[in-house]
Amino acid sequence: MRVEVLGGLERRRRWSQDDKARIVEETLAPGAKVTEVARRNGVAASLVFTWRRQARTSEQVVPSFTPVQIAVAASTEETAKLLPTVDGRVRSPAAARTGLIEIDLGNRRCIRVDAHVDPEALARVLDVLGRR
């Protein structure tokens, strides 16, 4: 059995930012294990985990712009797919017409009428539904 006696004061090692980044980068390789990378570099695995956490939190998110093009829908069906109703259902192609009025009665009941509806007929329908 061999015993090694270290003389003098034990000092903490100082790791440069480049060394920390290199070791953390090694742990991010596919199939890499933090404990093996730490052992290979003579570092405690807990310290490498700390460096990884610090690297995640120190990454600054830089806002960027993405080019956008606005195109006119080719048909009313495409417009209907883009415009969901209040309850999350997709509107029918008729719903994309201009002047369409959608009346949500609650309890999953909805009335859709266009600009050419007869006001008296609509009033009668609403009156009957209101009594239910």
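Reading the values: rules and limits
- All chains use their own residue numbering, which begins from 1 and follows the written sequence.
- It should be noted that, the model being predicted, local features are given only for residues of pLDDT at least 70 and side-chain atom pairs only at 80 or more, the latter also being counted only at that level, while totals for whole chains, interfaces and linings use all residues.
- Side-chain numbers here rest on the full set of heavy atoms in the structure, without hydrogens or water.
- Strands here mean DSSP runs of E at least two residues long; helices mean DSSP runs of H or I at least four residues long; both are numbered from the N terminus.
- Burial classification: accessible surface area is computed with a 1.4 Å probe over protein chains only, and a residue below 20% of its type maximum counts as buried, one above 50% as exposed, and the rest as partly exposed.
- By definition in these notes, contact holds between two residues if any of their heavy atoms fall within 4.5 Å.
- Residue exposure ignores everything except the shown protein chains as possible cover, and the areas themselves are Shrake-Rupley values with a 1.4 Å probe.
- Any N or O atom pair separated by 3.5 Å or less is treated as a polar contact, with the protein-specific requirement of one donor-capable and one acceptor-capable atom, and with residues adjacent in sequence counted only for side-chain atom pairs.
- Any carboxyl oxygen of Asp or Glu that lies within 4 Å of a side-chain nitrogen of Lys or Arg is treated as forming a salt bridge with it.
- When DSSP locates at least two bridges between a pair of strands, those strands are taken to pair.
- Note on ring pairs: Phe, Tyr and Trp rings are taken, using the six-membered ring of Trp, and paired if centres are within 6.5 Å. Classes follow the plane angle, with under 30 degrees stacked, over 60 edge-to-face and the rest tilted.

A. Broad picture of the overall build of the protein. Helix and strand counts for the protein come out as 5 helices and 2 strands. For the protein, the α and β elements follow one another from N to C terminus as α-α-α-α-β-β-α. Counting over 132 residues, the protein shows a buried share of 14%. Contacts in the protein between residues far apart in sequence, at least 24 positions, make up 20% of those at least 6 positions apart. Carbon and sulfur atoms make up 54% of the accessible area of the protein, which amounts to about 11600 Å² in all.

B. Structural context of the side chain of threonine 27. Tracing the chain through its elements places threonine 27 in helix H1 (residues 17-27). Within the structure, the side chain of threonine 27 is placed 2.5 Å from the backbone oxygen of valine 24, a separation counted as a polar contact. Other than its neighbours up to four places away in sequence, threonine 27 contacts Ala32, Val34, Val37, Val48 and Arg52.

C. Broad picture of the pattern of salt bridges. Scanning all chains against the criterion turns up 3 salt bridges. With a shortest N-O distance of 3.0 Å, arginine 22 and glutamate 26 are connected by a salt bridge. Of this pair, arginine 22 and glutamate 26 both sit in helix H1, separated by 4 residues, roughly a single helical turn. With relative accessibility at 25%, the residue glutamate 26 sits in the partly exposed group. Across the salt bridge formed by arginine 112 and glutamate 102, the nearest N and O atoms sit 3.1 Å from each other.

D. Quick look at the pairing of strand E2 (residues 109-113). One ladder, built from 5 bridges, connects strand E1 (residues 101-106) with E2; its direction is antiparallel. If you follow glycine 106 over to E2, its bridge partner there is arginine 109. Connecting E1 to the next strand, E2, in antiparallel fashion are 2 residues, including asparagine 107 with a positive phi near 55 degrees.

E. Here's a closer look at the packing of aromatic side chains. Enumeration over the complete set of coordinates arrives at 1 aromatic pair. Residues tryptophan 15 and tryptophan 51 carry aromatic rings whose centres are separated by 5.7 Å and whose planes lie at 70 degrees to one another, so their mutual orientation is edge-to-face. In this pair, tryptophan 15 sits in the segment before H1 while tryptophan 51 sits in helix H3 (residues 45-58), placing the two residues 36 residues apart along the sequence. The exposure class of tryptophan 15 is buried, given its relative accessible area of 19%. For tryptophan 51, a relative accessible area of 7% corresponds to the buried category.

Interpretation in functional terms is not warranted from these geometric data alone.
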